Amino acid sequence: MAILAPMAAAAAPLTMAFLLLLLMGVICSVSHGQIEVGFYSDSCPDAEDIVTGAVQDAAASDPTILPALLRLQFHDCFVRGCDASVLIRSARNDAEVNNNKHQGLRGQAVVDAAKAELEDQCPGVVSCADIIALAARDAVAMTGGPSFDVPTGRRDGLESNLRDADVLPDVIDSIDVLRSRFAASGLDDRDPRPAHTIGTTACFFVKDRLYNYRLPSGGVGSDPSITPAFVTELKARCAPGDFNTRVALDRGSERDFDDSILRNIRQGLAVIASDAALDRSNATRALVTAYLGAGSSRFSQDFVDSMVKMGSIGALTGDDGEIRDVCSEFNSN
Ligand code: HEM
């Protein structure tokens, strides 16, 4: 004791300094804000259940809404960050959603339904950006994919501009362009693109691969990386000039979140060119091989990690942005 006492006395100022630093750290993180799992546990304890209920209700009458909700989060987060800018409607058609890159986007009505109920229970508390993230998480689980925690506490953005959505990837982008678009958003090769394990695409995004592909010989025809039998199958579904018929992105398994999209990609059965491209660069090809070799668990784990990562892109927190009253309008309108 006699020996320890002077040591304790000497340590006291150090302990004080440490506590001070800790306190400063806490103050900093509060003022910058951070998204965190369970953000609404005190302020709106039923928030996550209300979103889940809205997704379940919608899926009961239209199960195809589930993949649409997953895509909605990608389109929200990739443009200006996860700030619900994609939900804004503008009478002048100059909001982000009017950009062609958002073609076919659905699921906004589910977010609106959840928001209406949340406003009844806890007015002005839960952001539209968080509803999108939670609904996407639920959509993955409800199609048989992994269940995971989603950090919340995002706030809604104050801008939505038509041209901002130009950053979204295109089906015809080369693998290098695709990789650089994801890198620009802070994502890497494990980005959640195998999300195409669920859902469908309009023939619009497939037609050029079937009828207008530039062949090395100089003419045009069908993309030779699609197996011939699958070309026939796709052509039967997407006749020339048909832009609207929908085709499964993951042949034979579009309602189940599983790893069959990876096998399809490997076997020349990818439907859109950007999925086929995953097998064309060494890095992404190696990843497809690794996923196929390791079974679905590594794919699922990477998918969850990259969804959480994607969900944090540009998240507004603290005093930034606002909590919208109605998801399709800024509060100042
Ligand atoms: C290379 C990047 C990507 C491209 C070029 C791309 C392109 C597309 C296209 C063209 C469609 C069909 C749209 C329609 O006709 O309605 C689609 C659907 C879909 N995308 Fe992507 N996507 C990409 C990445 C992602 C990511 C990162 C996610 C999710 C995290 C995602 C989730 C989905 C889902 C779930 C669907 C199905 C939607 C439905 O069935 O309504 N995509 N994507």
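Each remark here, short or long, concerns the structure printed above.
Residues numbered from 1 in each chain as written. Predicted model: local features only at pLDDT ≥ 70, side-chain atom pairs only at ≥ 80, totals over all residues. Heavy atoms only, no water.

1. Brief notes about the packing of aromatic side chains
If you walk through the whole model with that rule in mind, you get ten aromatic pairs. With 5.1 Å between their ring centres and 65° between their planes, F74 and F78 make a pair best called edge-to-face. Of this pair, F74 and F78 both sit in helix 3 (residues 65-78), separated by four residues, roughly a single helical turn. One aromatic cluster is present, built from ring pairs that chain together F257, Y291, F299 and F303. One residue, K207, lies across the ring of F204, its end atom 4.6 Å from the ring centre. Positioned above the aromatic ring of F243 is the side chain of K207, whose terminal nitrogen or guanidinium carbon lies 5.2 Å from the ring centre. (Phe/Tyr/Trp six-rings, centres within 6.5 Å; stacked < 30°, edge-to-face > 60°. Helix = DSSP H or I, 4+ residues; strand = E, 2+ residues; numbered from the N terminus. Lys NZ or Arg CZ within 6 Å of the ring centre and 35° of its normal.)

2. Quick word on the nonpolar core
Ranked by size, the top nonpolar core spans 65 residues in total, and within it V51, L70, L72, L87 and L118 carry the most contacts. Going through the elements one at a time, helix 2 (47-61), helix 3, helix 4 (108-121), helix 5 (128-142), helix 9 (260-266), helix 11 (282-294) and helix 12 (296-310) are the ones with two or more residues in this core. For this core, the element with the most residues is helix 5, which contributes ten residues. Mapping this core onto the domain boundaries places at least three of its residues in each of domain 1 (47-167) and domain 2 (175-310). Dropping the residues within four chain positions of it, L70 is found in contact with A136, A139, V140, A195, I198, F303 and M307. Judged by nonpolar contacts, the second largest core, of eleven residues, contains V206, L210, L234 and L269. (Core = buried A, V, L, I, M, F, W, Y, C linked by side-chain atoms within 4.5 Å. Buried < 20%, exposed > 50% of the residue type's maximum accessible area, 1.4 Å probe, protein only. Domains from an automatic or database assignment. Contact = heavy atoms within 4.5 Å.)

Interpretation note: all reported values are geometric properties and have no functional meaning in isolation.
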